[in-house]
Amino acid sequence: MSLETPARIVSELASRGYNADREAVTLLAGADDPDGALDVVVERAPEDALKLSADHVKAALSEVDAGDPSVSTGRDSVETSGTKSGSPGETKGVDDGEIGRDPFGPDASRPDTTRPDESVRDPDFDARSLEVAGDVTGESTGTGEYDDFVSVFQDRFKRLSKQLRSRVNARPTSAVRKMPGGGETAIVGMISDIRSTASGHWLIELEDTSGTYPCLVMKDREFADTVDELLLDEVIAVEGTLSDDNDDGDGILFVDSLYFPDVPRTYQPSTADRHVQAALISDVHVGSQEFMADAWSRFADWLHTEEASAVEYLLIAGDMVEGVGVYPNQDEELDIVDIYEQYEQFAEYLKEVPGDMEILMIPGNHDAVRLAEPQPGFDEELRDIMSAHDARISGNPSTVTVEGVDVLMYHGFSLDEVIAELPEEKASYDEPHKAMYQLLKKRHVAPQFGGKTRVAPEEKDYLVMDEVPDVFHTGHVHKLGWGKYHNVLAVNSGCWQAQTAFQKSVNIDPDAGFAPILDLDTLDMTVRQFS
Ligand code: D5M
Ligand code: FE
Ligand code: ZN
């Protein structure tokens, strides 16, 4: 087996315990004798280098060109390793969940990632593109001061109200206060309070930069049941009629219509120009006793098959590892108690997927980054540990544009809150995509502040959806569900962790071991089961 493709080079390096950045792989692939060059590079790599860079490759290749007699450029060692990697006996079988049991053994840390059927994958690297936007990593400005909370709210209001102002003729609440009674007007505001009145109507307090104004939704209005979709701090618009006593200071607006920023019904998503697929997964939870190692390996094995040859992207929406101290009594169910060792083990599992795949990951609430959203991507230390396949790392949330398709990736912490606050038919654990529809409608991934979801003070609100995504991908609730909302595909991708004791106690029955596979050219989805 020779190393003519980047995928093989990545696999071969991984089997020898190295990762390499993209440029290094390209340089090796372009060498006259890639096999020999790889030998030299590995031989010459600094002891402590886990990841080979283009500089390592260039330095090693220049020594070969200079004719250093001590450097072996022969093929023997590669063939040995090629044969070893190619041996079916070395392939990780579907029952081999053992690497999760002994993460510390010297051999266990570097499993062989090459499958005998690697040759069925023949990706078109030139056609690939993956760009990330809306990532807070390295941009965080928050100092935790009160002023930052003011800024983040002002920014949220400014951007969401802009989306609504084109639809209604709104006035600031300070101006509405001075209008004569009985007149008609519209208000765009952030919901600061919702309560029911003694007679069963709804009083919604809307706040803008000039003050607040009470708006009344009568219980017999046809849109009265949308009130139970409302969350505090979301931005909406209302149109209505002012009470007769408006100009004496305690007026009220009787609401005739209510608008969310929303996604236009006619939204036309973008698609890729070729047949290519992305696997959307989340909540791997490596380090938990319930992590499903067998299912993961079956998934990784499947990715090496003909059937999966178009799956060139792997998008992971948070909770790579189980973490430590996330929930009370979590330690009783930990398989690996050290967080760094959990990431090391996760990296080993990542190496099981084909080396040519383009991987992007964002963190979740179990990951070792700040809990408040937006969460920055993993720090340098964790990136080094998870450097397999040169995966891209960005914050939660992030928008990743894959061959023209905008995928909004958000771990999904706020889904618990949306599900708790809204009626069953509008958001539930059994239909998590419906809770996602609500976030799309509100054009914000974590509308309610001050509840369970922690929002970090920043100058800018990274959680607003300025642009409509083509695909919205979340995880966190460990349930599989997908559907289209105004042509936007919403996918909640399940998990790789069997039911935990806590989940059992509250009747959460997770959908574990599924991989939703998205056709980027049609936005159709197929779900594969590996559990
Ligand atoms: O959470 C997975 C799902 O289970 C998510 O809906 C939250 C819920 N969950 C899990 N453990 C707990 C505890 N201990 N308290 C409250 N809610 C919980 P994940 O964060 O991905 O484990
Ligand atoms: Fe999770
Ligand atoms: Zn989670």
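Residues numbered from 1 in each chain as written. Chains lettered and ligands numbered in written order. Predicted model: local features only at pLDDT ≥ 70, side-chain atom pairs only at ≥ 80, totals over all residues. Heavy atoms only, no water.

Participant: What is the right way to read the overall build of the protein chain from this model?
Facilitator: Along the protein chain, the regular secondary structure elements total 13 helices and 19 strands. Per-residue burial for the protein chain yields a buried fraction of 57% across its 531 residues. At a minimum sequence separation of 6, the contacts of the protein chain that also span at least 24 residues come to 72%. Taken as a whole, the protein chain presents about 21600 Å² of accessible surface, with 48% of it coming from carbon and sulfur. (Helix = DSSP H or I, 4+ residues; strand = E, 2+ residues; numbered from the N terminus. Buried < 20%, exposed > 50% of the residue type's maximum accessible area, 1.4 Å probe, protein only. Contact = heavy atoms within 4.5 Å. Areas by Shrake-Rupley, 256 points an atom, 1.4 Å probe, with all protein chains shown as cover.)

Participant: What exactly am I supposed to notice about the sheet that holds strand β19 (residues 525–529) here?
Facilitator: Through backbone hydrogen bonds, the strands of a sheet pair up, either in parallel or in antiparallel fashion. The strand order across the open sheet formed by six strands is β12-β11-β10-β9-β18-β19, and the pairing between neighbours is mixed. The open sheet terminates on both sides in strands that have one partner only, identified here as β12 (392–393) and β19. As defined by bridge partners, strand β18 (residues 514–519) adjoins β19 across five bridges and the pair is classed as antiparallel. Directly across from Phe 514, in β19, lies its bridge partner Gln 529. (Pairing = 2+ DSSP bridges.)

Participant: I tried to follow the packing of helix α11 (residues 413–421) against helix α12 (residues 432–442) on my own but got confused; where do I start?
Facilitator: A packed helix pair is summarised by two numbers, namely the angle formed by the two axes and the spacing between the axes. Remark: α11 packs on α12, axes separated minimally by 9 Å, with the N-to-C direction vectors making an angle of 100°. Comparing the axis directions of α11 and α12 gives the class roughly perpendicular. Residues Ser 414, Leu 415, Val 418 and Ile 419 of α11 touch α12, and the partners they reach there are Ala 435, Met 436, Gln 438 and Leu 439. (Axes fitted to C-alpha atoms, helices over the stretch in contact; angles between N-to-C directions. Parallel < 35°, antiparallel > 145°, perpendicular 65-115°, else oblique.)

Participant: Is there a simple way to explain the coordination of the iron ion (ligand 2) in this structure?
Facilitator: When four donors bind a metal tetrahedrally, each ideal donor-metal-donor angle is 109.5 degrees, and when six bind octahedrally, the ideal angles are 90 or 180 degrees. For the iron ion (ligand 2), the full set of protein donor atoms is Asp 283 (OD), His 285 (NE2), Asp 319 (OD) and His 478 (NE2), and the range of their distances to it is 1.8 to 2.3 Å. Sequence spacing of the donor residues for the iron ion (ligand 2), all on one chain, is D-x1-H-x33-D-x158-H. For the pair the iron ion (ligand 2) and the zinc ion (ligand 3), the metal-to-metal distance amounts to 3.1 Å, and Asp 319 bridges them. Taken together, the positions of Asp 283 in the loop between β9 (277–281) and α8 (293–303) and Asp 319 in the loop between β10 (311–317) and α9 (339–351) put the pair 36 residues apart, joining distant regions of the chain. Take Asp 283: its relative accessible area is 0%, and that puts it in the buried class. (Donors = N, O, S within 2.8 Å, 3.2 Å for Na, K, Ca; no water.)

Participant: I would appreciate a short explanation of the environment of Lys 441 in the present structure.
Facilitator: Relative to the assigned elements, Lys 441 resides in helix α12. With 177 residues separating them along the chain, Lys 441 and Pro 264 place their C-alpha atoms 9.4 Å apart. For Lys 441, the contacting residues outside a window of four places in its chain are Glu 229, Phe 260, Pro 261, Asp 262 and Tyr 485.

Participant: Which parts of the structure should I look at to understand the coordination of the zinc ion (ligand 3)?
Facilitator: Protein ligation of the zinc ion (ligand 3) involves Asp 319 (OD), Asn 365 (OD1), His 411 (NE2) and His 476 (ND1), the donor distances falling in the range 2.1 to 2.3 Å. Coordination of the zinc ion (ligand 3) draws on donor residues from a single chain, spaced D-x45-N-x45-H-x64-H in sequence. For His 411, a relative accessible area of 1% gives the class buried.

Participant: Please clarify how α9 should be interpreted in this entry.
Facilitator: The end-to-end C-alpha distance of α9 is 19 Å, a good match for the 18 Å that 13 residues give at a rise of 1.5 Å each. Burial of α9 is extensive: 10 of the 13 residues sit out of reach of the surface. Within α9, the full set of buried residues consists of Ile 339, Gln 342, Tyr 343, Gln 345, Phe 346, Ala 347, Glu 348, Tyr 349, Leu 350 and Lys 351. A distance of 2.8 Å separates the backbone nitrogen of Tyr 340 from a side-chain oxygen at the start of α9, and that oxygen is part of Asp 338. (Expected span 1.5 Å × (residues − 1). Polar contact = N/O pair within 3.5 Å; in protein donor to acceptor, adjacent residues only side chain to side chain.)

Participant: Can you walk me through the site of ligand 1 in this structure?
Facilitator: Neighbouring residues of ligand 1: 14 residues in total, closest Tyr 327, Asn 365, His 366, Asp 416 and His 478. The contact in question runs from an oxygen atom of ligand 1 to an N or O atom on the side chain of Asp 283, over 3.3 Å. Residue Asp 319 places a side-chain N or O atom 2.9 Å away from an oxygen atom belonging to ligand 1. Contact with the protein chains hides 87% of the accessible area of ligand 1, taken as 460 Å² for the molecule alone. In the shell around ligand 1, the residues fall into five nonpolar, six polar and three charged. (Near = heavy atom within 4 Å. Nonpolar A, V, L, I, M, F, W, Y, C, P; charged D, E, K, R; others polar.)

Participant: What exactly am I supposed to notice about the pattern of salt bridges here?
Facilitator: Pairs can form between side chains of opposite charge once their charged atoms are near each other. Applying the stated criterion to the full structure yields 22 salt bridges. Among the ionic pairs, Glu 312 bridges to Arg 274, the shortest N-O distance being 3.2 Å. In this pair, Glu 312 is assigned in strand β10 and Arg 274 in the loop between β8 (253–259) and β9, connecting sequence segments 38 residues apart. Arg 274 matches Glu 312 in its accessibility class, with the two residues each being buried. One salt bridge in this structure joins Glu 307 and Arg 528, with 3.3 Å as the shortest N-O distance. Here Arg 528 lies in strand β19 and Glu 307 lies in the loop between α8 and β10, a separation of 221 residues in the sequence. Take Arg 528: its relative accessible area is 26%, and that puts it in the partly exposed class. (Salt bridge = Lys/Arg side-chain N within 4 Å of Asp/Glu carboxyl O.)

Participant: What is the right way to read the packing of aromatic side chains from this model?
Facilitator: What describes a pair of aromatic rings is the distance from one ring centre to the other and the angle between the planes of the rings. Scanning the model with the defined rule gives 12 aromatic pairs in all. Here the aromatic rings of Trp 296 and Phe 299 are separated by 5.5 Å at their centres, their planes lie at 75°, and the arrangement is edge-to-face. Of this pair, Trp 296 and Phe 299 both sit in helix α8, three residues apart, roughly one helical turn. The class for Trp 296 is buried, based on a relative accessible area of 0%. Of the residues examined, Phe 299 reaches a relative accessible area of 0% and is grouped as buried. Plain terms: the ring middles of Tyr 437 and Tyr 485 are 5.3 Å apart, the flat faces sit at 25° to each other, and that makes the pair stacked. Taken together, the residues span a long stretch of sequence, with Tyr 437 in helix α12 and Tyr 485 in strand β16 (residues 480–485) at a distance of 48 residues. Here Tyr 437 falls in the buried class, since its relative accessible area comes to 17%. One aromatic cluster in this structure is built from Trp 296, Phe 299, Trp 302, Trp 496 and Phe 530. Against the face of Tyr 313 rests Arg 128, its NZ or CZ located 5.9 Å from the ring centre. (Phe/Tyr/Trp six-rings, centres within 6.5 Å; stacked < 30°, edge-to-face > 60°. Lys NZ or Arg CZ within 6 Å of the ring centre and 35° of its normal.)

Participant: I tried to follow helix α3 (residues 34–44) on my own but got confused; where do I start?
Facilitator: Since the α-helix turns once every 3.6 residues, residues separated by three or four places project in the same direction. The element α3 is largely enclosed, with a buried count of nine among its 11 residues. Listing the buried residues of α3 in full gives Pro 34, Asp 35, Gly 36, Ala 37, Leu 38, Asp 39, Val 40, Val 41 and Val 42.

Participant: Would you mind going over the pairing of strand β6 (residues 211–217) with me for this structure?
Facilitator: Looking along a regular strand, one sees the side chains alternate between the two faces of the sheet. Within β6, five of the seven residues are buried, which leaves the element mostly enclosed by the surrounding structure. Between the antiparallel neighbours strand β5 (residues 202–208) and β6 lie two residues. Sheet topology places β6 next to β8; two bridges connect them, and they run parallel. Note that in β8 the partner of Leu 216 across the bridge is Phe 254.

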